Amino acid sequence: MYPDFIEEAKIEGNKKAVWTFDVANQVEEIHAVLYKKALADMGDNEEVDYYVCGCCGNTVENEAPDICPVCECPKVEFFQVD
Ligand SMILES: [Fe+2]
């Protein structure tokens, strides 16, 4: 879905749309990895803290990074999911 949107936005010269779809695509790929990991770990009773970037939705385990690797927002933009 997103790769087609990115290409269409590029053709239209809409740089903001290209950036938005690219970030969304990256975050969806990260979420897919986390979902698969959580499913594989189900029943292990290992507690994992998740932090979400308030700028782009990127989700990380255990500790928020100093800078979001997807959108480069600072650590302060991350919030912990309860
Ligand atoms: Fe981010």
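First, a word on scope: everything that follows refers to the structure included in this document. (Residues numbered from 1 in each chain as written. Predicted model: local features only at pLDDT ≥ 70, side-chain atom pairs only at ≥ 80, totals over all residues.)

## Topic: helix α2 (residues 15-41)
And then number 1: For α2, with 27 residues, the first-to-last C-alpha span of 39 Å sits near the 39 Å given by 1.5 Å per residue.
And then number 2: Positive backbone phi, at 95°, marks glycine 43, one or two positions downstream of α2. (Helix = DSSP H or I, 4+ residues; strand = E, 2+ residues; numbered from the N terminus. Expected span 1.5 Å × (residues − 1).)

## Quick word on unusual backbone geometry
And then number 1: For asparagine 62, which is not glycine, the phi dihedral falls at a positive 75°.
And then number 2: Relative to the helices and strands, asparagine 62 is located in the loop between β2 (59-61) and β3 (78-81).
And then number 3: Residue classification places asparagine 62 among the exposed residues on the basis of 8 C-beta atoms within 10 Å.
And then number 4: With a phi close to 70°, glutamate 72 is a non-glycine residue in the positive phi region.
And then number 5: Relative to the elements of secondary structure, glutamate 72 occurs in the loop between β2 and β3. (Buried ≥ 20, exposed ≤ 12 C-beta atoms within 10 Å, placed from the backbone.)

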